[in-house]
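Chains, contacts and geometry: an overview
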Amino acid sequence: MIEEDHLMTLNRTGGRFDLNKIVEAFPETADTMLLDTYLTDKPEASIRVFRIYRDVPPHYHTQCDEVLHVLSGEGTFWIDDPADEAPFAPGHLLVFPRRAVHALPRILRNPVIFLAIDTPRRAPDDVIFVNSADGTPTSFIASL
């Protein structure tokens, strides 16, 4: 018999993940810009699901490339140049290379939820805001 409510393996290296149940677990509000949960977490890569709660200002990551699959919601993003702002919607894939400045300046339809694949692993404190007044790693993201 298959256990239907199994969300993830305990060792965070692999398994079956019910993304719908994970998405349902995100609260309606958060104190940080994002909340995330790691599905896998190995030095060579991490896989996360995260929800964005407010517009995300320009920032970059020094340790990883970030690949985002849009699960729900709509908004806008840009990479390297704010003049290139473009929409995103469910089914889109956004790829942010390491050190590329990027932003999600507008949330158009909530909830905005992404499946993220980071290579190598994205450490929780790996976020550098272009304008340091925009945030810190602890104001940026917290674990669900």
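Preceding block: the structure.
Below you will find a few notes about this structure.

Rules and cut-offs
- Residues numbered from 1 in each chain as written.
- Predicted model: local features only at pLDDT ≥ 70, side-chain atom pairs only at ≥ 80, totals over all residues.
- Heavy atoms only, no water.
- Helix = DSSP H or I, 4+ residues; strand = E, 2+ residues; numbered from the N terminus.
- Rg over C-alpha atoms; globule rule 2.2 N^0.38 Å.
- Areas by Shrake-Rupley, 256 points an atom, 1.4 Å probe, with all protein chains shown as cover.
- Lys, Arg positive; Asp, Glu negative; His and termini not counted.
- Charge placed at Lys NZ, Arg CZ, Asp CG, Glu CD.
- 1 Å grid on protein atoms, 1.4 Å probe; cavity = no way out; pocket = protein on both sides within 12 Å on 5 of 7 lines; lining within 4 Å.
- Points joined across faces, edges and corners; volume = space filled by probe spheres on them.
- Nonpolar A, V, L, I, M, F, W, Y, C, P; charged D, E, K, R; others polar.
- Core = buried A, V, L, I, M, F, W, Y, C linked by side-chain atoms within 4.5 Å.
- Buried < 20%, exposed > 50% of the residue type's maximum accessible area, 1.4 Å probe, protein only.
- Contact = heavy atoms within 4.5 Å.
- Salt bridge = Lys/Arg side-chain N within 4 Å of Asp/Glu carboxyl O.

1. A short note on the overall build of the protein
Counting its regular elements, the protein contains two helices and nine strands. For the protein, whose C-alpha radius of gyration is 15 Å, the value lies close to the compact-globule estimate of 15 Å for 144 residues. With respect to the three principal axes, the spread of C-alpha positions in the protein is 55 × 30 × 25 Å. For the protein, the accessible area works out to roughly 7500 Å², and carbon and sulfur atoms hold 55% of it. Each charge class in the protein can be summarised by its mean position, and for the 13 positive and 22 negative side chains these summaries are 3 Å apart.

2. Points about empty space enclosed by the protein
Scanning the entire structure with this criterion turns up one cavity of 30 Å³ or more. Looking at the largest cavity, its volume works out to about 80 Å³. In terms of lining, the largest cavity is formed by 15 residues, of which the most central are Leu34, Phe50, His59, Glu66 and Phe140. Of all the secondary-structure elements, those providing two or more residues to the lining of the largest cavity are strand 2 (45-52), strand 3 (56-60), strand 4 (65-79) and strand 7 (102-119). For the lining of the largest cavity, the element with the most residues is strand 2, which contributes three residues. Tallied by class, the residues present in the lining of the largest cavity amount to nine nonpolar, three polar and three charged.

3. Considerations on the nonpolar core
Soluble, globular proteins show a tendency: their nonpolar side chains are buried together. Membership of the largest hydrophobic core comes to 19 residues, with the highest contact counts inside it found for Leu34, Ile52, Phe88, Phe114 and Phe140. When residues of this core are traced back to their parent elements, those giving at least two are strand 2, strand 4, strand 6 (93-96) and strand 7. Looking at this core, the element that brings in the most residues is strand 7, giving four residues. When near neighbours in sequence (up to four residues on either side) are disregarded, Ile52 contacts Met33, Leu34, Leu104, Ile107, Asn110, Val112 and Phe114. If you look at the next biggest cluster of nonpolar residues, it comprises nine residues, including Ile22, Phe26, Ala30 and Leu115.

4. Quick notes on the pattern of salt bridges
With the rule as written, the count across this model stands at eight salt bridges. Across the salt bridge formed by Asp118 and Arg48, the nearest N and O atoms sit 2.7 Å from each other. Residue Asp118 is found in strand 7, and its partner Arg48 is found in strand 2; the two are separated by 70 residues along the sequence. Between Glu85 and Arg106 there is a salt bridge, with its nearest N and O atoms 2.9 Å apart. Of this pair, Glu85 sits in the loop between strand 4 and strand 5 (86-88) while Arg106 is found in strand 7, placing the two residues 21 residues apart along the sequence. Overall, the relative accessible area of 29% leaves Glu85 in the partly exposed class. Judged by its relative accessible area of 45%, Arg106 falls in the partly exposed class. Overlapping salt bridges bring together Asp36, Arg48, Glu66 and Asp118 as one network.

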